[in-house]
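Understanding the architecture of this molecule
Now for the letters of each chain:
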Amino acid sequence: MIWAMKAYQHAEVYFNLISSVDPKFLKLTKVDDQIYAEFRKSFGDLKIDVLDPEELKSEPAKAKWRPFCMQFDGVVEDFNYGTLLRLDCTKDYTEENTIFVTRIQFFAIETARNREGYNNVVYSQAMETKSVAAERGISA
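Worth saying up front: this structure is predicted, and the values here are computed from it rather than measured. (Residues numbered from 1 in each chain as written. Predicted model: local features only at pLDDT ≥ 70, side-chain atom pairs only at ≥ 80, totals over all residues. Heavy atoms only, no water.)

**A word on the overall build of the protein**
Helix and strand counts for the protein come out as six helices and two strands. Counting from the amino terminus, the protein carries its helices and strands in the arrangement α-α-α-α-β-β-α-α. Over its C-alpha atoms the protein spans a radius of gyration of 16 Å, differing by no more than 12% from the 14 Å that the globule rule assigns to 140 residues. C-alpha atoms of the protein, sized along the principal axes, occupy 55 × 35 × 25 Å. Among the 140 residues that make up the protein, the fraction classed as buried is 39%. When the accessible surface of the protein is totalled, it reaches about 8400 Å², and 54% of it is carbon and sulfur. (Helix = DSSP H or I, 4+ residues; strand = E, 2+ residues; numbered from the N terminus. Rg over C-alpha atoms; globule rule 2.2 N^0.38 Å. Buried < 20%, exposed > 50% of the residue type's maximum accessible area, 1.4 Å probe, protein only. Areas by Shrake-Rupley, 256 points an atom, 1.4 Å probe, with all protein chains shown as cover.)

**A look at the packing of helix 1 (residues 2-20) against helix 5 (residues 103-115)**
With their axes 13 Å apart at the nearest point, helix 1 and helix 5 run at an angle of 10° to one another. Taken together, the axes of helix 1 and helix 5 lie roughly parallel to each other. Considering how the two elements wind past one another, helix 1 and helix 5 form a crossing that is right-handed. Every residue of helix 5 that contacts helix 1 at H10, Y14 and I18 is listed here: F106, E110 and N114. Class assignment for the residues of the contact of helix 1 with helix 5 results in three nonpolar, two polar and one charged. (Axes fitted to C-alpha atoms, helices over the stretch in contact; angles between N-to-C directions. Parallel < 35°, antiparallel > 145°, perpendicular 65-115°, else oblique. Left-handed = near helix turned anticlockwise from the far one by under 90°. Contact = heavy atoms within 4.5 Å. Nonpolar A, V, L, I, M, F, W, Y, C, P; charged D, E, K, R; others polar.)

**A short note on the nonpolar core**
With 33 residues, the main nonpolar core has F39, W65, F68 and I104 as its most contacted residues. Top contributing element to this core by residue count: helix 5, with six residues. Contact partners of F39, with chain neighbours within four places excluded, come to G44, L46, I48, W65, F68, A108, I109 and A112. (Core = buried A, V, L, I, M, F, W, Y, C linked by side-chain atoms within 4.5 Å.)

**What to know about unusual backbone geometry**
Although it is not a glycine, D78 sits at a positive phi angle of roughly 55°. With respect to the helices and strands, the residue D78 is situated in the loop between helix 4 (59-70) and strand 1 (82-86).

**Some points on the UniProt feature "domain: Polysaccharide biosynthesis" (unreviewed entry) in the protein**
Here, UniProt's "domain: Polysaccharide biosynthesis" (unreviewed entry) annotation points to residues 1-123. In the segment residues 1-123, helix accounts for 51% and strand for 8%; the C-alpha atoms at its two ends are 31 Å apart. (UniProt positions renumbered as here; feature names shortened; annotations may be inferred.)

**Considerations on a nonpolar patch on the surface**
Residues L17, V21 and F25 make up a contiguous nonpolar surface patch of roughly 270 Å² in combined accessible area. Note that F25 resides in the loop between helix 1 and helix 2 (32-42). Note on F25: relative accessible area 63%, which makes it exposed. (Patch = residues over 30% accessible without salt bridge, like charges linked within 9 Å, V, L, I, M, F, W, Y side chains within 5 Å. Salt bridge = Lys/Arg side-chain N within 4 Å of Asp/Glu carboxyl O.)

**A word on helix 2**
Taken together, the buried positions of helix 2 are occupied by D32, I35, E38, F39 and R40. On its buried face, helix 2 is in contact with helix 4 and helix 5.

**A look at the confidence of the model for the protein**
Taken as a whole, the protein shows an average pLDDT of 92; of its residues, 94% reach a score of 70 or greater. Mean pLDDT across the elements of the protein ranges from a minimum in helix 6 (residues 120-135), with 80, to a maximum in helix 2, with 98. (pLDDT = per-residue confidence, 0-100.)

**Some words on helix 1**
In this model helix 1 runs 27 Å from its N-terminal to its C-terminal C-alpha over 19 residues, within 8% of the 27 Å that 1.5 Å per residue would give. When helix 1 is considered as a whole, its buried residues turn out to be A7, A11, Y14, F15, I18 and S19. All buried residues of helix 1 project into a common sector of 135° when viewed along the axis, lining one side. The exposed residues of helix 1 that point more than 90 degrees off its buried face are I2, M5, K6 and V13. (Expected span 1.5 Å × (residues − 1). Arc of directions from axis to C-beta.)

Below, the structure is given as structure tokens:
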């Protein structure tokens, strides 16, 4: 059960990060450029704003993801550890909006979401909440 707690903590830290820092400036790994380039080369048509679990978990999807993931063995630490990923990037982590994926899948999809502007909505909503709270004299 320790792995589940670590996966949840990672998800919580990441969501707080994209809520606090403009996602387009985030660097998740030392090899983000390589991850993004290989991801878009392999999955150019993958819709990443709202993910279809079948695109990650079906047998044909697994067959496509496996070689992508394996190329990062020895490049990204713990590349095959399990972690949580939001299906709809405009929403927080909830039971309905979360899927368990490998760490390299998380890095690939979230790096793409950050670079392509999909995570901006989380940051914008957080900044709006802080602004309204500041106007009312409440700490957000």
